[in-house]
Amino acid sequence: MSVFLAGTKGKSDCLVAFEAGGPRLELHVKSSVASLFGRAIEAAARKEAEAFGATGRLSIEDDGALDYVVASRVEAALRAAGLVRAAPIDAHGKGSPPARAEASRDRPRRSRLYLPGNQGELPINAGLFGADCILLDLEDSVAEDRKAEARILVRRLLEGFSDFFGGSEIAVRVNSLSSPFAMDDLAEIVGARPHCIVLPKCESSSDIEAWDREVLRLESSAGMRAGSILFMPIVETAKGVANAADIASASARNVSLCFGGEDYRRDIRVARGPAEEEIQVARSLIVLAARAAGIEAQDTVFSDVDDLVGLEASARRARSLGFSGKGLIHPSQIGIVHRVFSPSAQEVAGARRVLESLAAAVAEGRGVASLDGAMIDAPVAERARRVLVLAGVLEEKSGRKGARDAI
Amino acid sequence: MPSNVNSLGRPVPDRIGERAMRPFAGAFALQAPPASPGLARARGPGPRGLGPRGLGPRMRGQASRGAPAKLVSSWDELLDRLDLYDGMTVSFHHHLRDGDAIINETISRIIARGYGDLVIAPTALFPVHDRLVPFVESGAISRIEGSMNGAVGAACSRGAMRGTSILRSHGGRCRAVESGELPIDLAVIAAPCADPFGNANGIHGKSACGPLAYPVPDSLCAEQVVIVTDGLVPYPCSPWSIRGGNVDWVLEVPSIGDPARIASGTTRLTRSPTQLLIAEMAARFAEGMGIIRDGFSFQAGAGGISLAAVASLAERMRSGGVKASFAHGGGTGILVGLLEEGLLGSILDLQSFDLDAVRSCRDNPRHIESTPFTSYGPQGAGCAASMLDLSILGATEIDLDFNVNVNTHSDGWLLHGIGGHQDAAAAASCCIVTSPSFRKRIPIIRERVTTVSCPGEVVDALVTERGIAINPRRGDLVELAKRAGLPVVEIGQLMEKARAITGIPDEPEFRDRIVAVVEWRDGSVLDVVRELDSKQEWPGERTE
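Residues numbered from 1 in each chain as written. Chains lettered and ligands numbered in written order. Predicted model: local features only at pLDDT ≥ 70, side-chain atom pairs only at ≥ 80, totals over all residues.

**Q** Looking at this structure, I do not really get the overall build of chain B. What am I missing?
**A** Along the backbone of chain B there are 15 helices and 29 strands. At 23 Å, chain B has a C-alpha radius of gyration in line with the 24 Å of a compact globule built from 544 residues. Relative to all contacts within chain B whose residues are 6 or more apart in sequence, the contacts with residues 24 or more apart total 71%. (Helix = DSSP H or I, 4+ residues; strand = E, 2+ residues; numbered from the N terminus. Rg over C-alpha atoms; globule rule 2.2 N^0.38 Å. Contact = placed C-beta atoms within 7 Å.)

Dropping the structure here:
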């Protein structure tokens, strides 16, 4: 008889082992928090097993996993054993979508914070750090033999806990089309209504179209509005960069085009240089492609968590090339990145003066406005408006969240 | 056991063995009206009203001329010369932390000679001392006075000790030793550097640990005092943290412990985003309260949040051009860095946590070695902790009245000592507790803490990743915090926020038997620890 496992032994997770057989369910719970939460763990596991009509031996070694983690791990073990859910998931079931604001195209995306998808305890505090976008990752941070349990964990997190994430936008990075996991990821995740799906290793417009078709089908079967889920394609190969313009315009879901510098460097066979000169062309092409398609561009991650000086330099370079945000691997990077990608007080003041001069010219019936001897033409006015909109949006957000920008 | 109910509503025994116990009546209740503004005279029996004996330093003398022959050549010779007996109280310090070899060695040798029913009075225990558990189980160790940690604490929780143990803060222990409330029959003081006369310090030698502060009251008051050293130097050993005139015997051994576990390299800052966030909130709180101004002083421990809070304070000091007058408590590389950078006037150090602090304590005159009396002594006319503007402390639990638990966990296991918590909380002008709102699914805010280690009366605020709760007793702070735009939350709401994530924990099952009492620093009883029902299994070592 084979034993099906899910989860891990260790802090805030549990290891679930299921062996089918026998007429009834035999549940064994061992936990470091047994005297406080033993009954809760047992109840969560039993409820889940009963939803699958499972019989056999189900044993759990717990180290303080929250109920949703316990339920996810049990579900993963039972599904690995080939069982199919008989009863719908209550409370957070597919019939009752999570209470989460719909995705919005117009929101700041200065930071997208990557969180490994298979670690139950990580997302719980993720919303406290004030990242513009939290990205739950099913791709590079999850080992191949953990893909199935990770996507279940992420789904249950999305279904159960919209409020973990504060005001952040929620994105899920699925596995690439060339992997065997892509379609299973979508099938699990779409109905749980993340705001965005992040598509790795995009190389052509047909990649995006394939994703689009499948997401549309899943949206429709989940009773969701068509097109409600947004895309953030990542370009991270030479071929992808060469086709960036096609990729950026391949779907109306696209909201920003992301650059994946680590894989790109591997593809073009160079290491990171002191001023990142090796990625400058790719960065510019991506900004060009994104802006041509009317969407925003987001820069690659900066992988040295301890080098905050290097992070700031990298972010400044990206901003000067036209990016509007950057990928992050640790919350301690948020403060710097937000500072770099937000309009400075000087920029805001300048933009105000531009618009004030313009308004004065209109009021006085002058056809042409000028400021400090320079004419305010349409592009100048538009850029000033954009700065104020961005600053206004950002101010409104940071006023709402006390802990925001704290780190 | 007849009992009283103390002012926190906790039933406490009126007697432990032969000793009458006073119920806790308020953080400053045992002091009479002030003798001068801000000071107080103690009342009660004894010369300074501090205990039944009130003997002060033990008196010795010399029977003949010349250098006393204190140096003994072996453990056996030492034990032959000592007055050993059943039921004696043997005290130790914890400066060697998890590298200590002397507590285990001394206890097993005394027990090997057939003595039992021992009372051990350590200032703290570490995992290396888990090896004492078999002696607890055999009855050779009957109880602990002072601090219990890890497996020894767990053994106490299981009811393995015949006697009732007493938990005291560093200041409370100093008071109890000096007042005679905790009579020590034998103090065994491991010393990294000592001379044959018994002068000793902790800053020189291969096993250097920094200050040799905790054993100072023991050296003054114990009936018999022994120095055990692996760094014997010719007379006079200087500086003399322990004065040779208080020492009866000196034993030289090849090693008093494992230097790698006594002090390790620079203490690194945490990378935990949640800990960093809490630390940053603590610094923002201090800023909002107007505490960060020229000449201010602070104490923070060596835990992850505390160290990060010091780093966050330092950032604000740098950007605001502010210098602190002193930092108090445990020396760390981070504090040493601030001292050397000129952001700190001095470090008042009871205990060095890393090699940077050991080095600085040895070489920098502004890195000052303290003693428990100087730092925390509640019997003094003030102490270093009372000169603090801010103390940043930890907790295993805190309740809706801001009572803090640092001794037991929510599942009832007694796993930690009090350390300087009570003293730093009660004496400093402002005390904040920093903690995540839950750890491994266990919420730290409870309706009532499992054990009261420190009364909420002296705890001003709780800083968590989900908001700052300010003790309603400090209406002044609430106002300042709101003005500073801090995320102030009522403590009950904070409890609900955490419970919404974790669920509400069940209560562990206790038996009636009291295995330990928690003393307030003035000697009154804050709370008791009860034996755990045998169904509960100790889940193993846990840290905060």
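Back to the write-up after that little detour.
**Q** What am I meant to see in the confidence of the model for chain A here?
**A** For any part of a model where pLDDT is low, the fine detail of the predicted coordinates should not be relied upon. Of the residues in chain A, 92% reach a pLDDT of 70 or more, and the chain-wide mean stands at 89. Confidence over residues 393-407 of chain A falls short of pLDDT 50; this stretch has 31 contacts with residues more than four positions distant or in other chains. (pLDDT = per-residue confidence, 0-100.)

**Q** I'm lost on helix α5 (residues 205-221) of chain A in this one. Help?
**A** In an α-helix, one turn spans 3.6 residues, which is why side chains three or four residues apart end up on the same side. Residues and elements named next belong to chain A. Helix length check: α5 (17 residues) gives 25 Å between terminal C-alpha atoms against 24 Å at 1.5 Å per residue, within 8%. Among the residues of α5, D207, I208, W211 and V215 are the ones counted as buried. Seen from one end, α5 has its buried residues packed into an arc of 90°, which puts them on one side. Facing away from the buried side of α5 by more than 90 degrees, the exposed set consists of E209, R213, S220 and S221. Those residues of α5 that are buried lie in contact with α4 (182-189), β8 (196-199), β9 (230-235) and α7 (244-248). Looking one or two residues past α5, G223 carries a phi angle of roughly 70°, positive in sign. (Expected span 1.5 Å × (residues − 1). Buried ≥ 20, exposed ≤ 12 C-beta atoms within 10 Å, placed from the backbone. Arc of directions from axis to C-beta.)

**Q** Hey, could you run me through the domain arrangement of chain A in this one?
**A** It is common to report an interface's size as the accessible area lost on association of the parts. Each assigned domain of chain A is listed here: domain 1 (4-80), domain 2 (111-341) and domain 3 (345-400). Look at where the C-alpha atoms of domain 1 of chain A and domain 3 of chain A centre, and you get two points 59 Å apart. (Domains from an automatic or database assignment.)

**Q** Just to check I follow, could you spell out the interface of chain A and chain B for this structure?
**A** Counting residues at the interface gives 25 residues for chain A and 21 residues for chain B. Sorting elements by how many residues they give to the side of chain A that touches chain B places helix α1 (residues 34-51) of chain A first, with five residues. Its residues assigned to classes, the side of chain A that touches chain B shows 13 nonpolar, eight polar and four charged. (Nonpolar A, V, L, I, M, F, W, Y, C, P; charged D, E, K, R; others polar.)

**Q** Whenever I open this one, the sheet that holds strand β26 (residues 461-464) of chain B confuses me. Can you help?
**A** Hydrogen bonding along the main chain pairs the strands of a sheet, whether they run parallel or antiparallel. All names here are of chain B. Across the sheet, eight strands lie side by side as β18-β17-β16-β15-β19-β22-β26-β27; this open sheet has mixed pairing. Of all strands in the sheet, those bounded by a partner on one side alone are β18 (367-369) and β27 (467-470). Taken pair by pair, the neighbouring strands of this sheet meet at an average axis angle of 20°, ignoring direction. Where β26 lies against β27, four bridges are found, and the strand directions are antiparallel. The partner of V463 across the bridge, within β27, is I468. Helix α9 (residues 304-320) rests against β15 (296-300), β16 (324-331), β19 (390-393) and β22 (431-434) of the sheet, and its axis sits at about 160° to β15. Sheet contacts for helix α11 (residues 355-363): β16, β17 (344-352) and β18; angle to β17, the most-contacted strand, approximately 115°. (Pairing = 2+ DSSP bridges. Axes fitted to C-alpha atoms, helices over the stretch in contact; angles between N-to-C directions.)

**Q** How should the domain arrangement of chain B be read in this particular structure?
**A** All names here are of chain B. Per the domain assignment, the segments of chain B are domain 1 (71-142 + 181-262) and domain 2 (273-515). Taken together, the 13 residues of domain 1 in the interface contact 15 residues of domain 2. For the side of domain 1 that touches domain 2, the class distribution of residues is nine nonpolar, four polar and no charged.

**Q** Would you explain the pairing of strand β6 (residues 133-137) of chain A in this entry?
**A** Sheet faces and side chains relate simply in a regular strand, where the side chains alternate between the two faces. Residues and elements named next belong to chain A. The buried fraction of β6 amounts to five of the five residues, a majority that puts the element mostly inside the structure. Alternating residues of β6 divide into C133, L135 and D137 and I134 and L136, and every residue in both groups is buried. Where strand β5 (residues 111-116) lies against β6, five bridges are found, and the strand directions are parallel. Bridge assignment links P116 to a residue of β6, and that residue is D137. Here β6 pairs with strand β7 (residues 169-173) via five bridges, running parallel. Each residue of the ladder has a partner; that of L136, found in β7, is V172.

**Q** Got a minute to help me understand the environment of V459 of chain B in this structure?
**A** Residues and elements named next belong to chain B. Tracing the chain through its elements places V459 in the loop between β25 (445-446) and β26. Counting along the chain gives 27 residues from V459 to I432, while the straight-line C-alpha distance between them is 6.3 Å. Those residues in contact with V459 that lie beyond four places of it in its chain are F402, V404, A425, C431, V433, C454 and N471.

**Q** For this particular structure, what's the right way to read the nonpolar core?
**A** Ranked by internal contacts, the top residues of the largest apolar core, which has 278 residues, are L257 and I286 of chain A together with I189, V226, A282 and F285 of chain B. V354, A384, V387 and L390 of chain A belong to the second-largest nonpolar core, a separate cluster that totals five residues. (Core = buried A, V, L, I, M, F, W, Y, C linked by C-beta atoms within 7 Å.)

**Q** Any chance you could explain the pairing of strand β28 (residues 510-519) of chain B here in plain terms?
**A** Residues and elements named next belong to chain B. When strand β9 (residues 165-167) meets β28, the two strands line up parallel, connected through three bridges. Counted as the bridge partner of S165 is A516 from β28. Here β28 pairs with strand β29 (residues 525-532) via six bridges, running antiparallel. Residue pairing for β29: V518 is matched across the bridge by D527.

**Q** Please explain the confidence of the model for chain B as it appears in this structure.
**A** Residue and element names in this part refer to chain B. Per-residue pLDDT for chain B averages 92, and the proportion of residues at 70 or more is 94%. Contacts from residues 32-36, a stretch scored under 50 in pLDDT, to residues over four places away or in other chains number eight contacts. Low pLDDT, under 50, characterises residues 40-54; the stretch is placed with 42 contacts to residues that sit more than four places away or in other chains. Two numbers describe this predicted complex: its pTM, 0.90, and its ipTM, 0.87.

**Q** How do you make sense of the sheet that holds strand β3 (residues 25-31) of chain A when you look at a structure like this?
**A** Residues and elements named next belong to chain A. Taken together, the four strands give an open sheet; going across it, the order is β1-β2-β4-β3, and neighbouring strands pair in mixed fashion. For this open sheet the edge positions go to β1 (4-7) and β3, each flanked by a neighbour on one side alone. Pairwise comparison of adjacent strand axes, ignoring direction, gives a mean angle of 15° for this sheet. As defined by bridge partners, strand β2 (residues 14-20) adjoins strand β4 (residues 56-62) across seven bridges and the pair is classed as antiparallel. Pairing of C14 across the sheet is with D62, part of β4. The strands touched by α1 within the sheet are β3 and β4, with β3 carrying the most contacts at an inclination of about 150°.

**Q** Is there a simple way to explain the packing of helix α8 (residues 273-288) of chain B against α9 of chain B in this structure?
**A** Helices that pack against each other are described as a pair by the angle of their axes relative to one another and the distance between those axes. Residue and element names in this part refer to chain B. For the pair α8 and α9, interaxial distance at closest approach is 8 Å and the crossing angle is 45°. Taken together, the axes of α8 and α9 lie oblique to each other. At the point where α8 passes α9, the crossing takes the right-handed sense. Each of Q275, L276, I278, A279, E280, A282, A283, A286 and E287 in α8 lies in contact with α9, whose residues at this interface are G304, I305, A308, A309, S312, L313 and R316. For the contact of α8 with α9, the per-class residue count stands at ten nonpolar, three polar and three charged. (Parallel < 35°, antiparallel > 145°, perpendicular 65-115°, else oblique. Left-handed = near helix turned anticlockwise from the far one by under 90°.)

**Q** Is there a simple way to think about the packing of α4 of chain A against α5 of chain A in this case?
**A** Residue and element names in this part refer to chain A. Interaxial distance between α4 and α5 falls to 10 Å at its minimum, and their mutual angle equals 30°. Taken together, the axes of α4 and α5 are roughly parallel relative to one another. Considering the relative orientation of α4 and α5, their crossing is right-handed. From α4, M183, L186 and A187 reach across to α5, where they touch E214, V215 and L218.

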